[in-house]
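Each chain is listed here by its residues.
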Amino acid sequence: MVFEPRVGGNIYDRGVDGSESRWARVLAYEPSIRLVFSWDIDGRRQIETDFEKTSEVEVRFTPETPDRTRVELEHRHLERHGDGWENHRDAVGSPTAGKAAFRPSPTASARSPTGAVGKQRNWNASALRVLGQSG
């Protein structure tokens, strides 16, 4: 997974064959404070190209002590996904949300973000590392 750390940057997967699948746009980037990106994946787990039909994910970092940071994640505007948006809500709210969101669908292409099983955990570590940098 590639994260371009700037407003207007993209988040995308790069396949072993070099193909790229952009599945998010960076909407706000304030290192050590917050990150907001679009969720450009539709209810069929395919890339949504109509940005009016995409939701947003915000990750906020709040220092609590010198050794502790609260991380809050909000996935909002799910209704923009149109018919079936409730499936997004239910998947995000489920105990297996990370596993369910990145499970390949039978119709997913090699360039689909859903082919990136397990990359969510890698992205989280990378995002925390990038957001933790100053300036």
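Cut-off values and rules
Residues numbered from 1 in each chain as written. Predicted model: local features only at pLDDT ≥ 70, side-chain atom pairs only at ≥ 80, totals over all residues. Heavy atoms only, no water. Helix = DSSP H or I, 4+ residues; strand = E, 2+ residues; numbered from the N terminus. Contact = heavy atoms within 4.5 Å. Areas by Shrake-Rupley, 256 points an atom, 1.4 Å probe, with all protein chains shown as cover. Core = buried A, V, L, I, M, F, W, Y, C linked by side-chain atoms within 4.5 Å. Buried < 20%, exposed > 50% of the residue type's maximum accessible area, 1.4 Å probe, protein only. Pairing = 2+ DSSP bridges. Phe/Tyr/Trp six-rings, centres within 6.5 Å; stacked < 30°, edge-to-face > 60°. Lys NZ or Arg CZ within 6 Å of the ring centre and 35° of its normal. Salt bridge = Lys/Arg side-chain N within 4 Å of Asp/Glu carboxyl O.

Trainee: So what's going on with the overall build of the protein? Which residues, and what values?
Mentor: If you tally the helices and strands in the protein, you get 3 helices and 6 strands. Secondary structure of the protein in N-to-C order comes out as β-β-β-β-β-β-α-α-α. By sequence separation, contacts in the protein at least 24 residues apart represent 37% of the contacts at least 6 residues apart. Accessible surface computed for the protein: about 8300 Å², of which carbon and sulfur atoms make up 50%.

Trainee: Tell me about the nonpolar core, and please be specific about residues and values.
Mentor: By size, the foremost hydrophobic cluster in this structure holds 13 residues, and its most contacted members are Phe 3, Ile 11, Trp 23, Val 26, Leu 35, Phe 37 and Trp 39. Those elements that place two or more of their residues in this core are strand E3 (20-30), strand E4 (34-39) and strand E5 (55-65). Counting residues per element, this core draws most heavily on E3, at 4 residues.

Trainee: How would you sum up the pairing of E4? Please name residues and give values.
Mentor: Buried residues dominate E4, accounting for 5 of its 6 residues. Count of turn residues in the E3/E4 antiparallel hairpin: 3 residues, of which Ser 32 carries a positive phi of about 70°.

Trainee: Could you give an account of the packing of aromatic side chains, naming the residues involved and the relevant values?
Mentor: Two descriptors summarise a pair of aromatic rings, namely the distance from one centre to the other and the angle between the planes of the rings. Counted according to the given criterion, the structure contains 3 aromatic pairs. Plain terms: the ring middles of Trp 23 and Trp 39 are 5.5 Å apart, the flat faces sit at 75° to each other, and that makes the pair edge-to-face. Here Trp 23, found in strand E3, pairs with Trp 39, found in strand E4; they are 16 residues apart in sequence, far enough to count as distant. In terms of burial, Trp 23 and Trp 39 fall into one category: buried. A network of ring pairs unites the aromatic residues Trp 23, Phe 37 and Trp 39 as a single cluster. The ring of Phe 51 has Arg 25 lying over it, and the distance from NZ or CZ to the ring centre is 3.6 Å.

Trainee: An account of the sheet that holds E3 is requested, with residue identities and associated values reported.
Mentor: Taken in spatial order, the 6 strands make up an open sheet running E1-E2-E3-E4-E5-E6, and their pairing is antiparallel. A single partner strand is all that each edge strand has here, and the edge strands are strand E1 (2-3) and strand E6 (68-76). Pairing between E3 and E4: 4 bridges, direction antiparallel. Bridging across to E4, Ala 28 finds its partner in Val 36.

Trainee: Got a sec to walk through the pattern of salt bridges? Specific residues and values, please.
Mentor: Tallied over the entire structure, the rule returns 15 salt bridges. The shortest N-O distance in the salt bridge between Asp 40 and Arg 25 comes to 3.1 Å. Of this pair, Asp 40 sits in the loop between E4 and E5 while Arg 25 sits in strand E3, and the two are 15 residues apart along the sequence. Taking the relative accessible area as the measure of exposure, Arg 25 reaches 17% and is therefore buried. Across the pair Arg 76 and Glu 56 runs a salt bridge, and its minimum N-O distance is 3.0 Å. Here Glu 56 lies in strand E5 and Arg 76 lies in strand E6, a separation of 20 residues in the sequence.

Trainee: Please give an account of unusual backbone geometry that cites residues and values.
Mentor: The backbone of Ser 32 shows a phi angle near 70°, a positive value even though the residue is not glycine. Although it is not a glycine, His 77 sits at a positive phi angle of roughly 65°.

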